[in-house]
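# Structural overview for review
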Amino acid sequence: MAAAFMQYMRAHGHTPGPTQRPLLTGLIDGAVGSIPALAVLARSGGLPGIAMTLGLSALQVGLAFVAVAVLGGALYGRLFGRAANDRSGAWLFGLSFGFLLWTLGPATLVYWVTRRPLVTGNAAAGVFVAHLLYGLTLGVLFPFIHRRLQRDVLATRQRTA
């Protein structure tokens, strides 16, 4: 079924472009990376603290975090592209990307909009660590997920050729 669909798509000129797999990899990686980050947010008190500051429920904040993490993963895949596949340096790319997201998001943008810190104390440290852990997870897992997606596409191409 999937092979027939891929053959149909290729027959009509719809082959995966150079940015398609890194974006898909980033989306998947962002969703996976949000899991340990959410655990840190919940354990440190960051999740309820953010919810209280923004006047939302913890569930709403968690879902918003996952949505932003998924989009952040796609941005990571697009921004770093082939460099994200380097297993020896990808962890550093991911860690720096997590730091960048923390710097732009909770540390700068939210403070600029609300004129007060998002959270303070242990919760603030938890937000920082969650962003770093999210980025580290992105960097470490990206090469493996991307390789798996490439292998699936190549296997499908070989079967239909």
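The structure presented is a predicted model; accordingly, all values stated were derived computationally and were not measured. (Residues numbered from 1 in each chain as written. Predicted model: local features only at pLDDT ≥ 70, side-chain atom pairs only at ≥ 80, totals over all residues. Heavy atoms only, no water.)

### Considering the overall build of the protein
Check the secondary structure of the protein and you find 6 helices and 0 strands. The helix and strand sequence of the protein, counted from the amino end, reads α-α-α-α-α-α. Looking at the protein as a whole, 34% of its 161 residues qualify as buried. Summing over all exposed atoms, the protein offers an accessible surface of approximately 9,400 Å²; the carbon and sulfur share of this is 69%. (Helix = DSSP H or I, 4+ residues; strand = E, 2+ residues; numbered from the N terminus. Buried < 20%, exposed > 50% of the residue type's maximum accessible area, 1.4 Å probe, protein only. Areas by Shrake-Rupley, 256 points an atom, 1.4 Å probe, with all protein chains shown as cover.)

### Observations concerning the environment of proline 48
The residue proline 48 is located in helix 3 (residues 46-54) in this model. Distance from proline 48 to alanine 58, taken between C-alpha atoms, is 5.5 Å for residues 10 residues apart in sequence.

### Considering a nonpolar patch on the surface
Together, Trp91, Leu92, Leu136, Val140 and Phe144 make up an exposed nonpolar region whose accessible area comes to about 440 Å². Counting residues per element, the ones that place at least two in the nonpolar patch are helix 5 (90-114) and helix 6 (122-160). Per element, the largest residue contribution to the nonpolar patch is 3 residues, and it comes from helix 6. If you trace the backbone, phenylalanine 144 turns up in helix 6. The exposure class assigned to phenylalanine 144 is partly exposed, which follows from its relative accessible area of 44%. (Patch = residues over 30% accessible without salt bridge, like charges linked within 9 Å, V, L, I, M, F, W, Y side chains within 5 Å. Salt bridge = Lys/Arg side-chain N within 4 Å of Asp/Glu carboxyl O.)

### Description of helix 4 (residues 58-80)
Over its 23 residues, helix 4 extends 32 Å from the first C-alpha to the last, a length consistent with the 33 Å expected when each residue adds 1.5 Å. Listed as buried for helix 4 are Val61, Gly62, Phe65, Ala69, Gly72, Gly73, Ala74, Tyr76 and Gly77. (Expected span 1.5 Å × (residues − 1).)

### Topic: the nonpolar core
Inside soluble globular proteins, nonpolar side chains tend to come together where they are buried. Formed by 19 residues in total, the largest nonpolar core has its most connected members in Leu41, Ile50 and Tyr76. Where this core is concerned, the elements lending two or more residues are helix 2 (20-44), helix 3, helix 4 and helix 6. Looking at this core, the element that brings in the most residues is helix 6, giving 6 residues. Residues in contact with isoleucine 50, not counting those within four places in the same chain, are Leu41, Val61, Leu118, Val119 and Val127. (Core = buried A, V, L, I, M, F, W, Y, C linked by side-chain atoms within 4.5 Å. Contact = heavy atoms within 4.5 Å.)

### So, the side chain of serine 34
Locating serine 34 in the fold gives a position in helix 2. You can call serine 34 buried: its relative accessible area is 2%. Setting aside chain neighbours within four positions, we find serine 34 in contact with Phe65, Val66, Ala69 and Tyr134.

### So, the confidence of the model for the protein
Looking at the protein as a whole, the pLDDT averages 84, with 81% of positions reaching at least 70. The secondary-structure element of the protein with the lowest mean pLDDT is helix 1 (residues 2-11), recorded at 56, while helix 4 shows the highest, at 94. (pLDDT = per-residue confidence, 0-100.)

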